[in-house]
Amino acid sequence: MDVDSELQSLGKLIFWSFFSFIKSLNHWFACLLSSSDIPQENEFVEFYQKLGPKPSTTIRLFDRKDFFTFHGVDAVFIAKEIIRTQTIIKYISPLHIPSIALNINKLEMILKELLLIRHYRVEIYKNFKTSRTTDCWKIDVTASPGNLGPLEEILYSPNDNSSGLASIKLTSTDLPLIGFSFVNSTDQVMQVVQFEDNAYLTTFEAVLLQCAPKEILIQKSFRSSTFFKRFQEIIELNNILITEVKNVSFSEDSFHCKAILKHLLRDNSCLGIKVNCQNNYLILFINYTNIFILLDYIEDNKHAFSSLMSAIEYLQLTDLSGINDDDLSEEERKEKNCFTLKMFDYSSFVRLDSTAIKSLDLFPAHGLSSKMTSSIFQLLNHCRTFAG
């Protein structure tokens, strides 16, 4: 018994020694992050004070070439909620603005947390100062859960979900008429659908769950709709970021829409689009006599393509003023003419609402450890066949 007691005491001593070492290492690492000197620039402070108000779900950071800085409420939020230590906060200028400085390695973790988990929007400012000018801070990159393209190299890994942006246009008399589009910039697929729904938006919810977007675009005027309250309940239940855009972004100009799609879809030499109803794909082909087929289809589904136009503009997939520019490089052409347009067929799927999805434990809940098997998806993900 004495030997066992001594072994237990020795084990406890080793455990607490290791715990103290890890704690001190964590403190050292936090101090290392804060060791980056945040410039005490008067011009920058003046610029920062002039920045307008922003939603709490938008985080601003500033590119300093060798490192990045957060300031004000954003710095406090990052320190408290993500890094979970306030030792890295420094105060700049006589106004004592809270600020933190991070290197690129730590920034990657924070961006993933903001964009992929918390579904926040990120604005990265850069100083375009030249030798002849004073500081010139401008937005260099804007990223959001549905628009991860600008930060794709930092965020993308084989285990990450694809980026997805949805857009909706809804008009109503008695029943809502909904135009819905979904753009997956990683898989380079666009989907459109138009349908009449009921007051509970059950079809919309089923379509939304099948696409699983991280962000959805709406018209500013949509907030005054009688269906907005139900829409908001569905969106909040699925933890999707709502972004308001100007009504003019939802263009219903058929010729304008066709020109943009011709510029974005595969095979830039094609002049029209033929509807193949068997596999629901819209396939490009060269045929002068059928050049108006796409126009007819857009006319019949104006709401769907109107929502798609807003998504394309928001994602900055094409420079609208340069669609007919023959000076594009070959690389630019390959980047722009790489999407596939697909009609979304919601009738061939079982309709499940958000409550049913959660009750069935199909997917793991947010915040649970990835090591826990708490969903059907995780269970099947650990299954192996005889082939390995």
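These notes cover the structure that comes with them. Within each chain, residues carry numbers counting from 1 in the order of the written sequence. Restriction of local features to residues with pLDDT of at least 70 applies here, the model being predicted, together with a cutoff of 80 or more for giving and counting side-chain atom pairs; totals for whole chains, interfaces and linings are based on all residues. Side-chain descriptors were evaluated using all non-hydrogen atoms of the structure, hydrogens and water having been removed beforehand.

### Structural notes on the nonpolar core
Selection rule: We define the nonpolar core as a collection of buried residues of types Ala, Val, Leu, Ile, Met, Phe, Trp, Tyr and Cys that are connected through side-chain atoms lying within 4.5 Å of one another. Type-normalised accessible area, obtained with a 1.4 Å probe on protein chains alone, sets the label of each residue: buried when under 20%, exposed when over 50%, and partly exposed for intermediate values. Secondary structure elements follow DSSP: runs of H or I of four or more residues count as helices, runs of E of two or more count as strands, with numbering from the N terminus. In this description, contact between two residues means that some pair of their heavy atoms is separated by no more than 4.5 Å.
With 28 residues, the main nonpolar core has F70, I78, I100, I110, L114 and L151 as its most contacted residues. When contributions to this core are tallied by element, the ones reaching two or more residues are β1 (58–63), β2 (68–71), α3 (72–83), β4 (97–102), α4 (104–117), β5 (121–127) and β6 (137–143). If near-sequence neighbours (up to four positions away) are discounted, L151 is found in contact with L111, L115, I124, V141 and A143. Among the nonpolar cores identified, the runner-up in size contains 27 residues, and L217, Y297, L308 and F339 belong to it.

### Details of the sheet that holds β2
Pairing between sheet strands relies on hydrogen bonds along the backbone, with the strands arranged either parallel or antiparallel. Convention followed: The rule for pairing is simple: two strands pair if DSSP sees at least two bridges between them. To obtain each axis, a line is fitted to C-alpha atoms, and for helices this fit is confined to the stretch in contact; angles are then taken between N-to-C directions over 0 to 180 degrees.
Read across the open sheet, the six strands follow the order β3-β4-β2-β1-β5-β6; overall the sheet is mixed. Across the chains shown, the open sheet's two edge strands, defined by having one partner strand only, are β3 (90–92) and β6. Across the sheet, the mean angle separating the axes of adjacent strands is 35° when strand polarity is ignored. Summarising the sheet, β2 and β4 pair through four bridges and their orientation is antiparallel. Within the sheet, the bridge partner assigned to F68 lies in β4 and is L102. Set on the sheet, α4 makes contact with β1, β2, β4, β5 and β6; between it and β2 the angle comes to about 50°.

### A closer look at the packing of aromatic side chains
Stated formally: Between the rings of Phe, Tyr and Trp (Trp by its six-membered ring), a pair exists once the centres lie within 6.5 Å; its type follows the angle of the planes, with under 30 degrees stacked, over 60 edge-to-face, and the other angles tilted. A ring has a charge above it when a Lys NZ or an Arg CZ is no more than 6 Å from the ring centre and no more than 35 degrees off the ring normal.
Within the structure shown, the criterion is met by 15 aromatic pairs. Ring geometry for F77 against Y120: centres 5.6 Å apart, planes inclined by 20°, an arrangement best described as stacked. Of the two residues, F77 sits in helix α3 while Y120 sits in the loop between α4 and β5, which places them 43 residues apart along the sequence. By relative accessible area, F77 is classed as buried at 18%. Here the aromatic residues F44, F47, Y48, F62, Y125 and W137 are joined through ring pairs into a cluster of three or more. The ring of F44 carries R64 above its face, with NZ or CZ at 4.3 Å from the centroid.

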